[in-house]
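A look at the structure
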Amino acid sequence: MRLHPLTVVYRIGRRAVNLGWGVVVGFAGAASIPFVDRRLIVVALALALLVLVGYEVARYRRFTYALAGTTLELRSGVLSRREREIPIERVQNVDVSRTIGQRVLGLATVRVETAGGGDTEAVLECVSAAAAEDLQTELRRLKRAAAAANADGVTEGSNGVRAGGTAGSTGDVVGGAMDDASEVIFDLGHRRLLLASALSFDVRLLSVVFVAQPVVQPLLAPLVGDLAGVTTVVALLVALLTAVGLWLASAARTFARYYAFRLVRAGDDLRYERGLGRRYTGTIPLEKLQTLAVEETALERAFGYASLSVVTAGSVGSNTTGGSAAAVPLATRADVFSLARDLEPFADVAMERPPTRARERYAIRYALGVGGLLALTAAVDALFTPVPYAWAPALLLVLAPVAAHLQWRNVGVALTDDHAVVRRGFWTRRTRVLPHDRVQTAAVSATLFQRRRDLASVAIDTAGGDAVAPDYDAARAREIRDRVVERAWAAVGARRDADDSH
């Protein structure tokens, strides 16, 4: 099979957009040289266009793909040929995206990810939208068939069965769709989309008001005159408008990213759809689930909202960063945890905080940061240009103990028989749930400053990344590590026994 014939038109048009301004500037510069004939420039441009068209036609004709039994075969290359065979059972995700241009032409891009791969294994840049959907469905079907054949009717280990069975038994939330029938389990909707856009702003960017105000004020002085009060007010207004502009930009980005977001249960996979300008569809394979991550920004936490991400092994395409796919961009905190427990049942546990001497360490760290900022403003004021209120950063010292307390109270760890739960972060608080049967390693580390206070951090690693519980008593950190390792071994043994019983 080949790509869609319009792939040549699409690629040439995209290159024209990307290179158009450079061509215009180059043409104008060459035409300004007295001894250069403009007709030669036009001929050169025409030849370059012909070469581009010829290359794209050859690229289209030399690219083929086919599903051959248990592999996806691809052949490509103009000057050098490349042949690849991707085993279906290694396919992790098939992600379909459509830019505005592709949607106009009825095209789509298919990206095939494999387990353990950090990059996209195969890209079919321009196939018809119908062919992309068919390929996505067929690869998912063949993958399930291959997994069933390898396990004699059981999905990958008992954990794959457990994830599917649990999500299917959730009733109202997930609904129990265990076959190819799809069921919408989350629809963002217009109201929640607008709310998610509004709450996406990082309130730390408000610091631009305090940073920009003393920088802008000297620039306005020649325009306003010697009215220091007026320049201060105008500079503050400029800084505030900058903060509003950043908030609007953040809201617009979130709106475009999660426009028409839907999460669908299809068999043992979650399927997502999202995007305004560029439309994405893809899958989150529950059998590859490594970690659940509940995130709450400071604004979301203030209004009782949160988001949910499913972290899987390897990379899961364009919807993600670091192997994390958004399962719920925004919902009430209770709903987010309810859906998280449907996907991976875990108990509601009390989090164990670090000792209070960790809070003292945070306060010293923030005080040193304020001291560095004060030294910087003092140096600029003394060596380069007067800085109004150069002493103002010293006022932040009052906030250092408050910031230290907020950071300390948002750090926590809890262990159950089946899961480790790690929480940290104030501006964006992340609660990560790690099944013990997915844990690969657990390690204790301590920096020089931690050792001075007999503190250490515990890092629990899975194929989807690690979660770090910082600044626990060193002896307690070792106990947490040992318990995680012990329960991980027990979980792996239980899974192996379940496999043998089948």
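This text goes with the structure placed above it.
Residues numbered from 1 in each chain as written. Predicted model: local features only at pLDDT ≥ 70, side-chain atom pairs only at ≥ 80, totals over all residues. Heavy atoms only, no water.

Attention shifts here to the sheet that holds strand 1 (residues 64-68). Strand order in the open sheet made by the three strands is 1-2-3, with antiparallel pairing throughout. Only two strands of the sheet have a single partner each, and these edge strands are strand 1 and strand 3 (82-87). Each strand axis lies, on average, 15° off the axis of its neighbour in the sheet, ignoring direction. In the sheet, strand 1 pairs with strand 2 (residues 71-76) via five bridges, with the strands oriented antiparallel. Each bridged residue has a counterpart across the sheet, and for Tyr-65 the counterpart in strand 2 is Leu-74. (Pairing = 2+ DSSP bridges. Helix = DSSP H or I, 4+ residues; strand = E, 2+ residues; numbered from the N terminus. Axes fitted to C-alpha atoms, helices over the stretch in contact; angles between N-to-C directions.)

With eight of eight residues buried, strand 12 (residues 305-312) lies mostly within the body of the structure. Going residue by residue along strand 12, you find Tyr-305, Ser-307, Ser-309 and Val-311 tucked away on one face and Ala-306, Leu-308, Val-310 and Thr-312 tucked away on the opposite face as well. (Buried < 20%, exposed > 50% of the residue type's maximum accessible area, 1.4 Å probe, protein only.)

Moving on, we come to the sheet that holds strand 7 (residues 182-187). What the seven strands build is an open sheet, ordered 6-5-4-10-9-8-7; its pairing is antiparallel. Each edge of the open sheet is held by one strand with a lone partner, namely strand 6 (122-128) and strand 7. Across the sheet, the mean angle from the axis of one strand to that of its neighbour is 20°, orientation sign disregarded. Taken together, the six bridges between strand 9 (residues 269-274) and strand 10 (residues 279-285) define a ladder with antiparallel strand orientation.

So, about the packing of aromatic side chains. Overall, the coordinates contain five aromatic pairs when judged by the stated rule. Arranged with centres 5.8 Å apart and planes meeting at 50°, the rings of Phe-255 and Tyr-259 form a pair that is tilted. Classification of Tyr-259 as partly exposed rests on a relative accessible area of 28%. Both rings, one in Tyr-258 and one in Phe-261, keep their centres 6.0 Å apart while their planes meet at 70°; by these two values the pair is edge-to-face. Note on Tyr-258: relative accessible area 13%, which makes it buried. A cation over an aromatic ring shows up here: Arg-353 above the ring of Trp-408, its NZ or CZ 5.3 Å from the ring centre. Cation over ring: Arg-359 sits above Trp-408, and NZ or CZ is 4.5 Å from the ring centre. (Phe/Tyr/Trp six-rings, centres within 6.5 Å; stacked < 30°, edge-to-face > 60°. Lys NZ or Arg CZ within 6 Å of the ring centre and 35° of its normal.)

With that settled, consider helix 11 (residues 356-383). End to end, helix 11 covers 41 Å across 28 residues, agreeing with the expected 40 Å (1.5 Å per residue, within 8%). Buried residues of helix 11: Ala-358, Arg-361, Tyr-362, Val-370 and Thr-377, and no others. Residues of helix 11 that are buried sit in contact with helix 12 (400-409), helix 13 (448-452), strand 18 (455-462) and strand 19 (465-473). (Expected span 1.5 Å × (residues − 1). Contact = heavy atoms within 4.5 Å.)

These results come straight from atomic positions and should not be treated as a statement about function.
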